[in-house]
Amino acid sequence: MRVRNATFCLTITVLAVALALDVTRGASNEPDNTTPQQVFDGMRQSFRADKAQGVHARYQWELSGPNGGEWWIDVNDGKFQMGRGKIDNPNVTFITSDNDWVAMSNGKLKGTWAYVTGRLKVHGPQSLARKLDEIFP
C-alpha cells in the first residue's frame with residue numbers, strides 16, 4: 001500500500017510540473033515564433049519584475065535539433081539576465097528539441113504532453129520550474 005501511495009504522489013508531482021510548464025499563449029495578432037532565439041527574445045519582453053521579487057534561480061535550456069543550442073536565464077530578485085551557452089550551477093534544466101520548445105511557446109504542444117511522453121525533461125525543483133511561467137508569462 002505504501003508503494004502505491006508513493007507512486008501516486010510521484011505521478012501527481014510529475015503532472016503538476018508538466019502543467020506548470022504549459023507555455024500556452026492566448027490568441028493574438030502576433031505571428032508565431034519559429035526559432036528558439038525568437039522564443040527567448042519574446043521572453044525578454046514578457047518579463048514580470050514583480051513576480052521575480054525574492055526569486056534567485058538559474059535556468060538552463062539544452063535544445064537539440066538544427067536550431068538548437070544552449071540558453072540560460074539568471075533571475076535575481078526582480079531582475080534577470082539571459083544569454084546563449086551554459087550557466088554555472090543551474091537550479092533547473094530543461095531538455096527538449098528546438099521544434100518542441102518552439103511548439104510549446106506557441107501553444108501548439110502542451111508542456112504536460114511533452115513531459116509525460118518524454119519529449120521534455122526537467123531537472124531541478126518543481127517549484128522553480130513552475131515559477132518560470134509566472135515570471136515570463
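This text goes with the structure placed above it.
Reading guide: rules and limits
- Residue numbering note: each chain is counted from 1, following its sequence as written.
- This being a predicted model, a pLDDT of at least 70 is required before a residue's local features are given, and a value of 80 or more before pairs of side-chain atoms are given or counted; all residues contribute to the totals for chains, interfaces and linings.
- Working from all heavy atoms in the structure, the side-chain values ignore hydrogens and water.
- Numbering of helices and strands runs from the N terminus; a helix is a DSSP stretch of H or I covering at least four residues, while a strand is a stretch of E covering at least two.
- Relative accessibility decides the category of a residue: with a 1.4 Å probe and only protein chains considered, values under 20% of the type maximum give buried, values over 50% give exposed, and everything between is partly exposed.
- Between two residues, a contact is recorded if the distance between any of their heavy atoms is within 4.5 Å.
- The protein chains shown are the only cover counted for residues, whose accessible areas, like all others here, come from Shrake-Rupley with a 1.4 Å probe.
- Only strands that DSSP links by at least two bridges are regarded as paired with each other.
- An axis is simply a line fitted to the C-alpha atoms; with a helix, the fit covers only the stretch in contact. Between two such axes, the angle follows the N-to-C directions and lies from 0 to 180 degrees.
- We define a salt bridge as a contact between a side-chain nitrogen of Lys or Arg and a carboxyl oxygen of Asp or Glu at a distance within 4 Å.
- This arc describes the spread of directions from the helix axis toward the C-beta atoms.

Caption draft 1: Region of the structure containing the overall build of the chain. Of the regular secondary structure elements, the chain holds five helices and five strands. For the chain, the sequential pattern of α-helices and β-strands runs α-α-β-β-β-β-α-α-β-α. The proportion of buried residues among the 137 residues of the chain is 40%. The contacts in the chain between residues at least 6 apart in sequence include a share of 68% that link residues at least 24 apart. Accessible surface, the chain: about 7900 Å² in total, of which carbon and sulfur atoms supply 52%.

Caption draft 2: Looking closely at the environment of G107. Within the element layout of this structure, G107 appears in the loop between α3 (98-105) and α4 (111-116). Between the alpha carbons of G107 and D32 there is a distance of 9.3 Å; along the sequence they are 75 residues apart.

Caption draft 3: Seen up close, the sheet that holds strand β1 (residues 56-64). Spatially, five strands are ordered β3-β2-β1-β4-β5 in an open sheet, and the strand pairing comes out mixed. A strand with exactly one partner marks an edge of an open sheet, and here the two such strands are β3 (79-84) and β5 (121-123). Geometrically, the sheet is characterised by an average inter-axis angle of 15 degrees between neighbouring strands, direction not taken into account. Note: strand β2 (residues 69-76) against β3, six bridges, orientation antiparallel.

Caption draft 4: Quick look at the pattern of salt bridges. For the structure on display, the rule yields seven salt bridges. A salt bridge links D50 to R48; the nearest nitrogen and oxygen atoms lie 2.7 Å apart. Here R48 falls in the partly exposed class, since its relative accessible area comes to 34%. Notably, a salt bridge pairs E134 with K131, separated by 3.0 Å at the nearest N-O pair. With E134 and K131 both in helix α5 (residues 126-135) and three residues apart, the pair spans about one turn of that helix.

Caption draft 5: Structural view of α5. Among all positions in α5, only L128, A129, L132 and I135 are buried. With its buried residues spanning 120 degrees around the axis, α5 presents them on a single face.

Note that every value here comes from positions in space, so none of it alone points to a role or purpose.
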